[in-house]
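Structural overview
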Amino acid sequence: MSTSGETPNPYGPPQPPQPPQPPQQSPAQSGPQSAPQGPGQSPPQGPPPGPYGQVPPQAQPPQHNPYAAQPTMPSVPLGGGYGPMGAPGTPPGVPPMGPGAGGGRGGKGWLWGLGGAVVASAVWAGVLFATGGFDGNEAEADLAGYRYTTNLCGSTDSQAIEDSGYERKDESGSSSNPQHSSSENPALDSMTCNIDFEPSGASSSDYSSVWLYTTASLHKKTDPGPEFEAQYRAYEDQKTSTYSYEVSPVKGLGEEAYVVRQESKSSTSNTGAYVILAVRDGWMTYQSTWSEYVSTSSSASAKTPEEATEMLRKSAKATLEKMKG
């Protein structure tokens, strides 16, 4: 059992109620008294403060009942946050309790806390209105005139590649060339095209692997602009002992474009190139990848990364124009 002036242990067994102990006051210190408590009720929280907010020294220390219901408001620091501090022993975020707690200004603590909640709600509502989330309206997608197609290979222009000494491989067996796929969705339309090439006039004994892989996406819900450059700049951090990547901007394509070139650290003869060209125009993103490997015994020679970049740039310019048609 706790003695007078001690705070009960909130984790211990319930303590029997103590009889009220009214303060002993002199006539000069008389003032409003706390009402006596009935059986089974918590003792009074302490006498009201004096005229300057000071509790008379004869007053009984406040008794905190851990089992009393205490109203709270989540995420809003009432009392100790916006208004006056609560009585000693009051948990953070709980308004002052009892007739004399908090210097007789518990009502103001509630008002200040409520005012803080109103201000926070107003700020949040402003953010929702500004972003269009409050009424369900969203920013309109800027597709810059590009349209979804089920066959991106029909729009992929490979004239620049064929003019550089390559031809499409013949279909063999169950595999088709080119290959395409597509997916239409309320949030994102995706299109792909893969074309296998080989050097023109290559003999059957020559080994080469040449392909052009193209993707295009129509972003209908999210603007890809803020993250577009970062996605390709990340290649600069991918390095090994044999190769690294160089990322450079490209002018004349969409709103922004970048080329990613794999740079070999080997001094051996050129046997291929790996180049990525990425374009963003509004909320449309496009990427074409050139991958080539030619064996050293082949009669054909591989393109340099610079030559592959120029082929991709010409192909992308013509392809993007077709995608708007």
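Structural notes, computed from the coordinates. Along each chain, residue indices are assigned from 1 in the same order as the chain's sequence is written. Owing to the predicted nature of the model, reporting of local features is limited to residues with pLDDT of at least 70; listing and counting of side-chain atom pairs is limited to 80 or more, with chain, interface and lining totals taken over all residues. Side-chain measures here rest on the full set of heavy atoms in the structure, leaving out hydrogens and waters.

Notes on helix H4 (residues 305–323)
- Helix and strand definitions here come from DSSP, where helices need a minimum of 4 consecutive H or I residues and strands a minimum of 2 consecutive E residues; each element is numbered from the N-terminal end. Every helix has an expected span of 1.5 Å times one less than the residues it contains. Look at H4: 26 Å from first C-alpha to last across 19 residues, which is about the 27 Å you get at 1.5 Å a residue.
- Using a 1.4 Å probe on the protein chains alone, a residue whose accessible area is under 20% of its type maximum counts as buried, one over 50% counts as exposed, and one in between counts as partly exposed. Along H4, the positions that sit buried rather than exposed are Pro305, Ala308, Thr309, Met311, Leu312, Ser315, Ala316, Ala318, Thr319, Leu320 and Met323.

Side note on the nonpolar core
- Only buried residues count toward a nonpolar core. Its members are Ala, Val, Leu, Ile, Met, Phe, Trp, Tyr and Cys residues joined through side-chain atoms within 4.5 Å. If you look at the biggest cluster of nonpolar residues, it comprises 30 residues, and the most contacted ones within it are Leu277 and Trp290.
- Looking at this core, the elements with two or more residues in it are strand S3 (188–199), strand S4 (208–219), strand S6 (256–264), strand S7 (272–281), strand S8 (284–294) and H4.
- Per element, the largest residue contribution to this core is 6 residues, and it comes from H4.
- Two residues qualify as a contact provided that any one of their heavy atoms is within 4.5 Å of a heavy atom in the partner residue. Not counting residues within four places of it along the chain, the set of residues in contact with Leu277 comprises Val250, Leu253, Tyr258, Val259, Tyr286, Gln287, Ser288, Leu312, Arg313 and Ala316.
- Counting 9 residues, the second largest nonpolar core, distinct from the first, contains Tyr245, Tyr258, Val260 and Ile276.

Observations regarding the state of the cysteines
- Criterion for a disulfide: a pair of cysteine sulfur atoms within 2.5 Å. Counting across every chain of the model gives 1 disulfide.
- Disulfide pairing is shown between Cys153 and Cys193; the S-S distance is 2.1 Å. Residues Cys153 and Cys193 are joined through a disulfide that is right-handed, its torsion about the S-S bond being 110 degrees. Linking Cys153 in the loop between helix H1 (106–131) and helix H2 (159–163) with Cys193 in strand S3, this pair joins segments that are 40 residues apart in sequence. Note on accessibility: Cys153 and Cys193 belong to one class, buried.

Nothing here speaks to function; it is geometry throughout.
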